[in-house]
Amino acid sequence: MEKISMFCFQCQETAGNKGCSVVGVCGKKATTSNLQDLLIYTAKGIAILRENISLENRKNNRELNSEIDYYLTNALFVTITNANFDDNMIQKEILKGLKIREKVKNQLIQLEIEPKRLKSHDATTFVAETLEEMNKKSLNIGVLSTENEDIRSLREVITYGLKGMAAYYEHAANLGYEKEEIVMFIEKALASTLDDSIGLNELVGLTLETGKYGVDVMALLDSANTGKFGNPEITEVNIGVGKNPGILISGHDLNDIVQLLEQTEGTGVDVYTHSEMLPAHYYPELKKYKHLVGNYGNAWWKQKEEFETFNGPIVFTTNCIVPPKAGSTYEGKVFTTNATGFPGWKRIEEKDGKKDFSEVIELAKSCKAPTEIETGKIVGGFAHNQVFALADKVVDAVKSGAIRRFYVMAGCDGRMKSRDYYTEFAANLPKDTVILTAGCAKYKYNKLNLGDIGGIPRVLDAGQCNDSYSLALIALKLKEAFQLNDINELPIAYNIAWYEQKAVIVLLALLHLGVKNIHLGPTIPAFLSGNVLNVLIENFNIGTISTVEEDLKSL
Ligand code: SF4
Ligand code: SF3
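Residues numbered from 1 in each chain as written. Chains lettered and ligands numbered in written order. Predicted model: local features only at pLDDT ≥ 70, side-chain atom pairs only at ≥ 80, totals over all residues. Heavy atoms only, no water.

(A) Geometry of the domain arrangement of the chain. Each assigned domain of the chain is listed with its residue range as follows: domain 1 (15–228), domain 2 (235–365) and domain 3 (386–554). Domain 1 and domain 3 are separated by 30 Å when their C-alpha centres are compared. With 35 residues of domain 1 in contact, the opposing surface of domain 3 contributes 26 residues. The junction of domain 1 with domain 3 conceals about 2,600 Å² of combined surface from both sides, 68% of it contributed by carbon and sulfur atoms. Along the contact surface separating domain 1 from domain 3 lie zero salt bridges. At the surface where domain 1 touches domain 3, the tally comes to eight residue pairs in polar contact (both at pLDDT 80 or more). Within the residue set of the side of domain 1 that touches domain 3, elements represented by two or more residues are α7 (149–174) and α9 (200–229). Residue composition of the side of domain 1 that touches domain 3, grouped by class: 16 nonpolar, 13 polar and six charged. (Domains from an automatic or database assignment. Contact = heavy atoms within 4.5 Å. Buried area = accessible area lost by both parts, 1.4 Å probe. Salt bridge = Lys/Arg side-chain N within 4 Å of Asp/Glu carboxyl O. Polar contact = N/O pair within 3.5 Å; in protein donor to acceptor, adjacent residues only side chain to side chain. Helix = DSSP H or I, 4+ residues; strand = E, 2+ residues; numbered from the N terminus. Nonpolar A, V, L, I, M, F, W, Y, C, P; charged D, E, K, R; others polar.)

Set out below in structure tokens:
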């Protein structure tokens, strides 16, 4: 048997659909994986202490409160698949966590509060200053340290859901939208995953509650994005290139792209979106910039080829990073910010609430314009407000039978060949059906030219993965329009592709909203034990995919 030097099974591409135990399929090294485990453990230790501090006491100490909120959400975000590969950065985060932990302890002393749940827990006391100590420490605290398979499974489902929640929370907070109740839930749930007195039933309850806060965090991010940039509107996005040098911006953070657009205006440098940044084009306050010229390339996993031909610098605001091939031409041109990191790549840090992109802009000026890899346009911007504006048209189309069924195909894309299923499935759907999408899953079919039904495109893209929230609102609106009692009576089928942990929070949120019969693919998560999967099947009739022909019939 191979020696286990790490253990991670949090994403869909995990080795053998069991677990990465030597090196990550994503390229994550064992040291990085182990440090990430320790970072999560540190965050859980802080949560055990901080869950005792009331909302009122938090409000009385705003500065410290935001520092800790930011720390906790960012620590979780750092460990999301394909966000951060930089051991140095992760080590620093752990050390920072140990200091934050002391601050929380002092706060508890000052307020004369005794931690209620776990009076003393190793996560609240351990110290590891050097890399060696950290490596040693991380050996006993990872996923496999929970022996019972079902408890382990639920603890991990919750932890992954919280990672997704934390990522969305951070984006909202970056735009000035916060909701302390969400962070308080994150702490309660994190602390619960180290609490051995919490059994299976309680953990199932907590998993479903995570979904409730998943809805809340997506609603918060939706208010942040629409509050700052207006409601997404139907927009045609150019997928070709212009003549100026360009900067390619990837990830999900709209607060970064707006600052980049402001700073590049009038410099002769164009801005292109990549992967999950595509929906930036749909927002009035972002699309108004003439030098936001298009979207370059496809979903995250094609970046090794597409970055080579982009020619200009690339900025990662969040996941998904793919480690570059040795000798790639773009290596000296990539910048990371927020929770992302890669050894040797340059960082852009925030100072006084602002980011300075001048180094990226100067570099862009010395680069050639992007090489054209495709031409044409794609259309998107069908978030809730825009779809509500078309509601009458949509309802009429359903009543007249012009639209027979909707397929929610939101989620993530990935590199596995088995995902060709989604392209084929979309291409073979009957012409009187409409796909509702969000997230990078859309790249599997958004360039197929599937046509329209009386002016309504057959692929309606609501935006990023978090905009799955829009799809849920649309479903609720349709339920109201058709005066149904149950969201599951609608002519909507759910065929969702997952990859990383944001998809976990989206899934839990849909379950919380009462959506049943979700088909989750291309594989069932390795972190669901047989019994936990059965609970999901019994209560929500969750299934997976089979062949395109069979699923076209059954869905
Ligand atoms: Fe493996 Fe996915 Fe974990 Fe990477 S994130 S180590 S691919 S399970
Ligand atoms: Fe994609 Fe990484 Fe999940 Fe936001 S960019 S959906 S995989």
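And the narrative resumes.
(B) Focus on the site of ligand 1. Taken together, the neighbourhood of ligand 1 is formed by M6, C8, F9, Q10, C11, T14, C20, G24, V25, C26, K28 and T81. Within the shell around ligand 1, the residues separate by chemical class into seven nonpolar, four polar and one charged. (Near = heavy atom within 4 Å.)

(C) Representation of the UniProt feature "binding site: [4Fe-4S] cluster" (unreviewed entry) in the chain within the structure. Residues annotated by UniProt as "binding site: [4Fe-4S] cluster" (unreviewed entry) correspond here to C8, C11, C20 and C26. Judged by maximum C-alpha separation, these annotated positions cover 19 residues in sequence but sit close together in space, the widest gap being only 10.7 Å. Mapped onto the fold, C8 is located in the segment before α1 (30–50). Here C8 falls in the buried class, since its relative accessible area comes to 13%. When you line up the elements, C11 lands in the segment before α1. Those residues in contact with C11 that lie beyond four places of it in its chain are T81, W498, Y499 and Q501. (UniProt positions renumbered as here; feature names shortened; annotations may be inferred. Buried < 20%, exposed > 50% of the residue type's maximum accessible area, 1.4 Å probe, protein only.)

(D) Just the side chain of D253, in detail. Relative to the helices and strands, D253 is located in the loop between β2 (246–250) and α10 (254–264). Of the buried charged residues, D253 lacks a salt bridge, with K355 as the closest side chain of opposite charge at 5.7 Å. At 2.8 Å, the side chain of D253 and the side chain of N174 are in polar contact. Sequence-distant contacts of D253, defined by excluding residues within four places in its chain, comprise H171, N174, M277, T317, T318 and N338. (Lys, Arg positive; Asp, Glu negative; His and termini not counted.)

(E) Region of the structure containing the site of ligand 2. Taken together, H252, E276, W300, N319, C320, C412, C440, C465, Y499 and E500 make up the full set of residues adjacent to ligand 2. If you count residues domain by domain, the shell around ligand 2 takes at least three from each of domain 2 (235–365) and domain 3 (386–554).

(F) Expanded view of the nonpolar core. With 123 residues, the main nonpolar core has L162, M165, I257, L286 and F406 as its most contacted residues. Considering each element in turn, this core owes the most residues, eleven residues, to α7. Dropping the residues within four chain positions of it, L162 is found in contact with L76, F185, I186, A189, L190 and T210. In terms of nonpolar packing, the next biggest core, distinct from the first, is built from 34 residues, L38, L49, Y71 and L72 among them. (Core = buried A, V, L, I, M, F, W, Y, C linked by side-chain atoms within 4.5 Å.)

(G) Fine view of the side chain of N295. Mapped onto the secondary structure, N295 falls in strand β4 (residues 292–295). Polar side-chain contacts of N295 include one of 2.7 Å to the side chain of T273. Setting aside its immediate chain neighbours within four residues, N295 contacts V237, N238, I239, T273, H274, S275, L278, H281 and Y443.

(H) Geometry of the sheet that holds strand β12 (residues 433–437). Pairing is parallel across the open sheet formed by five strands, whose spatial order is β15-β12-β11-β16-β17. Pairing within the sheet leaves two strands with one partner each, and these edge strands are β15 (459–461) and β17 (518–521). The sheet shows a mean angle of 20 degrees between the axes of neighbouring strands, direction not considered. Of the strand pairs in this sheet, β12 and β15 are connected by three bridges, and their pairing is parallel. Residue pairing across strands places I435 opposite V459, the latter belonging to β15. The sheet contacts of helix α16 (residues 420–428) involve β11 (405–408), β12, β16 (492–497) and β17, and relative to β16 the element is tilted by about 155 degrees. (Pairing = 2+ DSSP bridges. Axes fitted to C-alpha atoms, helices over the stretch in contact; angles between N-to-C directions.)

(I) Summary view of the UniProt feature "binding site: hybrid [4Fe-2O-2S] cluster" (unreviewed entry) in the chain. According to UniProt, the "binding site: hybrid [4Fe-2O-2S] cluster" (unreviewed entry) feature falls on H252, E276, C320, C412, C440, C465, E500 and K502. In sequence the annotated residues extend across 251 residues, while in space they remain close, none of their C-alpha pairs exceeding 13.8 Å. Secondary-structure assignment places E276 in the loop between β3 (270–274) and α11 (284–287). Judged by its relative accessible area of 3%, E276 is buried. Apart from the residues lying within four places of it in its own chain, the contact partners of E276 are G251, H252, G439, C440, K442, G463, Q464 and C465. Only 3.2 Å separates the side chain of E276 from the side chain of H252, close enough to count as a polar contact. Inspection of the secondary structure puts K502 in helix α18 (residues 501–512). Owing to a relative accessible area of 0%, K502 belongs among the buried residues under this scheme. In terms of polar contacts, K502 uses its side chain to reach the side chain of H252, at 3.2 Å.

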